[in-house]
Amino acid sequence: MGEKKFKRTTVTAALPYANGGVHIGHLAGVYVPSDIYARYLRLKKEEVVFIGGSDEHGVPITLRAKKEGVTPQDVCDRYHKMIKDSFREFGISFDVYSRTTSETHHKFASDFFRKLYDDGKLIEQETEQLYDEEAKQFLADRYVVGECPHCHNEHAYGDQCEKCGSDLSPMELINPQSTISGSKPVVKTTKNWYLPLNNYQEWLKQWILNEHKEWRPNVYGQCKSWLDMDLQPRAMTRDLNWGIPVPVEGAEGKVLYVWFDAPIGYISNTKELCDSNPEKFGSWQKWWQDPETRLIHFIGKDNIVFHCLIFPSMLKAHGDYILPDNVPSNEFLNLENDKISTSRNWAVWLHEYLVDFPNKQDVLRYVLTANAPETKDNNLLGRISKSATTANSWQFMATS
Ligand SMILES: [Zn+2]
C-alpha cells in the first residue's frame, strides 16, 4: 500500500455504533480484513497497533434509551459489552478496544475541538433549525423524519435518506415530523460551530485526487464525486444533551457532533493503550504524529466521506497529525498490492504464504471469509459458519 517506506503502522477499524450487535457485512468488510492486515504485519515483525472501540454518542442511542425507558449510558454499556465480547470470541486481535464515553476520550475530543476554536479554524453560525415545542428541544439528525426531497421516500431521516443514500439536513425534509413527540416541528434560530470544508477543498483535491490515485476505485470515486461538487461548511456541534459538551462559553445544551468526536476515538483509544503499557507501545504521539508512521483506516462503504474528507480536514486544521495513507473500504482484500480476488493470484499468494508462515492456516480462514466483494448477508453467513470455527456465540444481525 503506497510507495513510501514507513517505520510502523497504525491500523484502525471503524468504531461500531453501540446501538446493536455488529453487522455481519461489517465483520466481513471491515473487522476481518483489518484483523488480517494487523496479524500479517505482526507476523512480519513490523511495529503495529490495531485500534478499535465503540462509538457511543449520537441520536440513535438516545432514541433507543427513550423507547426502552433507560438512560443512554445503559444502552451503551449493554452494547459495548456485547460487541467487545463478540470481537474477542471471533478472534479480532485489537490491541485496545475502548469506548467514546471514556473519560480519556471526552477530555481528548474536547481539547481537540478547543484547539480548533482557539486557532480560529471554526466558524460560528446562526441557522434556522427544527424545534419540537412539546419536547422543548431542537431536532438534530434522526430526531426528525420526513419525505426525502430527492427520491420522495416518506421515511427519510434528518441526516440521511436510506433509500437513495442522499446526505440530508433536517431542514430539507418535506413534511418533517419529530420522532420524540410526533408533533410538527417549528423553525427556530440556534448557534453552532462549523468546519469550513470549502477552505480545504483545493487541498483535498490535490491530496486525494492527485496524490492517492492508488486508493480503491470505490473510495477514490466517491471522494471525486464529492470534490467535484462544492464542499460547504459543516456543523461540528449539535443542540443535544447526549455527547461531549462543547467547551466554549455560551454553548450550554450543545454537544460535539458525533462524527466530530468518533474518529478522534481512534487517537484517544491509542492514548489509553499507550498509557496502560508505555514499555510496549511507547507514546501515543508516535502512532499519530510521526510522519514515519503509516495510518490505515479500514471502514465501511457508508463512512467514506467522514474518513476521507471530514476527519482529514480536522487533522489538517489541527496541524499536529499525520494523514491516512490509505482508507480501504470493502471491495477486495488487498495485501502488499496483491488483490486476493482471482483464483490465480490467490493460488500464488497462498503458496508463498504457507512457505513463509507454515501452520498459520487459522489466519487464512479469516482471509477466506473476507475474500469477496460484499454479497448478500445470508451467503456470507453460510461461508463464515463453514470456515470460522471460533464464531460460536457471535451475534449475527441480518439486514432483512
Ligand atoms: Zn431519498
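Computed from a predicted model, the values in this text were never measured in an experiment. (Residues numbered from 1 in each chain as written. Predicted model: local features only at pLDDT ≥ 70, side-chain atom pairs only at ≥ 80, totals over all residues. Heavy atoms only, no water.)

> Just to check I follow, could you spell out the overall build of the chain for this structure?
What the chain contains, in helices and strands, is 13 helices and 15 strands. For the chain, buried positions account for 54% of its 400 residues. Here the analysis covers contacts within the chain between residues at least 6 apart in sequence; of these, 73% occur between residues at least 24 apart. Put simply, the chain shows about 18100 Å² of open surface, and 48% of that area lies on carbon and sulfur atoms. (Helix = DSSP H or I, 4+ residues; strand = E, 2+ residues; numbered from the N terminus. Buried < 20%, exposed > 50% of the residue type's maximum accessible area, 1.4 Å probe, protein only. Contact = heavy atoms within 4.5 Å. Areas by Shrake-Rupley, 256 points an atom, 1.4 Å probe, with all protein chains shown as cover.)

> When you look at the sheet that holds strand β13 (residues 293-298) in this model, what are you seeing that I'm missing?
Note: strands within a sheet are paired through backbone hydrogen bonds, in either parallel or antiparallel orientation. Pairing is parallel in the open sheet, where four strands are placed in the order β3-β2-β1-β13. Two strands in the sheet have a free side with no partner beyond their single neighbour: β3 (96-99) and β13. Pairs of neighbouring strands in the sheet enclose a mean axial angle of 20°, with direction left out of account. Where strand β1 (residues 8-13) and strand β2 (residues 47-54) come together, five bridges link them in parallel fashion. The partner of Thr12 across the bridge, within β2, is Ile51. (Pairing = 2+ DSSP bridges. Axes fitted to C-alpha atoms, helices over the stretch in contact; angles between N-to-C directions.)

> What exactly am I supposed to notice about the coordination of the zinc ion here?
Perfect tetrahedral coordination of a metal by four donors corresponds to 109.5 degrees between them, and perfect octahedral coordination by six donors corresponds to 90 or 180 degrees. The zinc ion binds to the protein through Cys148 (SG), Cys151 (SG), Cys161 (SG) and Cys164 (SG), with metal-donor distances spanning 2.3 Å. Classification of the site at the zinc ion rests on its four donor atoms, whose angles at the metal span 103 to 112°, yielding the label tetrahedral. Sequence positions of the residues that donate to the zinc ion give the spacing C-x2-C-x9-C-x2-C. Residue Cys148 is located in the loop between β6 (144-147) and β7 (156-157), and its partner Cys161 is located in the loop between β7 and β8 (174-178); the two are separated by 13 residues in the primary sequence. Accessibility classification places Cys148 together with Cys161 in one group, the buried group. (Donors = N, O, S within 2.8 Å, 3.2 Å for Na, K, Ca; no water. Tetrahedral: all angles 85-135°; square planar, octahedral: opposite > 155°, others 65-115°.)

> Would you explain the nonpolar core in this entry?
The tendency in soluble globular proteins is for nonpolar side chains to be buried side by side. By size, the foremost hydrophobic cluster in this structure holds 89 residues, and its most contacted members are Tyr31, Phe113, Leu204, Ile208, Phe260 and Trp288. Counting residues per element, this core draws most heavily on helix α10 (residues 304-318), which supplies ten residues. Contacts of Phe260, omitting those with residues within four sequence positions, involve Ala109, Phe112, Phe113, Leu116, Met236 and Met314. By size, the runner-up hydrophobic cluster in this structure holds 14 residues, among which are Leu130, Ala140, Leu168 and Val255. (Core = buried A, V, L, I, M, F, W, Y, C linked by side-chain atoms within 4.5 Å.)

> It is not clear to me how the pattern of salt bridges should be interpreted in this structure. Could you clarify?
Two side chains with opposite charge may pair up if their charged atoms get near one another. Scanning all chains against the criterion turns up 26 salt bridges. In this structure, Arg8 and Glu47 form a salt bridge, with 3.5 Å as the shortest nitrogen-oxygen distance. Here Arg8 is found in strand β1, whereas its partner Glu47 is found in strand β2, with 39 residues between them in sequence. Since its relative accessible area comes to 7%, Arg8 is described here as buried. Connected via shared salt-bridge partners are Arg8, Glu47, Lys286 and Asp290. (Salt bridge = Lys/Arg side-chain N within 4 Å of Asp/Glu carboxyl O.)

> Please explain the pairing of β6 as it appears in this structure.
Consecutive residues of a regular strand have side chains that alternate between opposite faces of the sheet. With three bridges joining them, β6 and β8 adopt antiparallel strand pairing. Opposite Glu147, over in β8, you have Ile174 as the bridge partner.

> Explain helix α2 (residues 59-68) to me, please; I cannot follow it from the model alone.
Each α-helix turn comprises 3.6 residues. Residues three or four places apart therefore point the same way. All of the buried residues along α2 are Val59, Ile61, Thr62 and Ala65. Angularly, the buried residues of α2 cover 160° about the axis, an arc narrow enough to put them on a single face. The secondary structure elements touched by the buried residues of α2 are α3 (72-90). Looking one or two residues beyond α2, the residue adopting positive phi is Gly69, at roughly 70°. (Arc of directions from axis to C-beta.)

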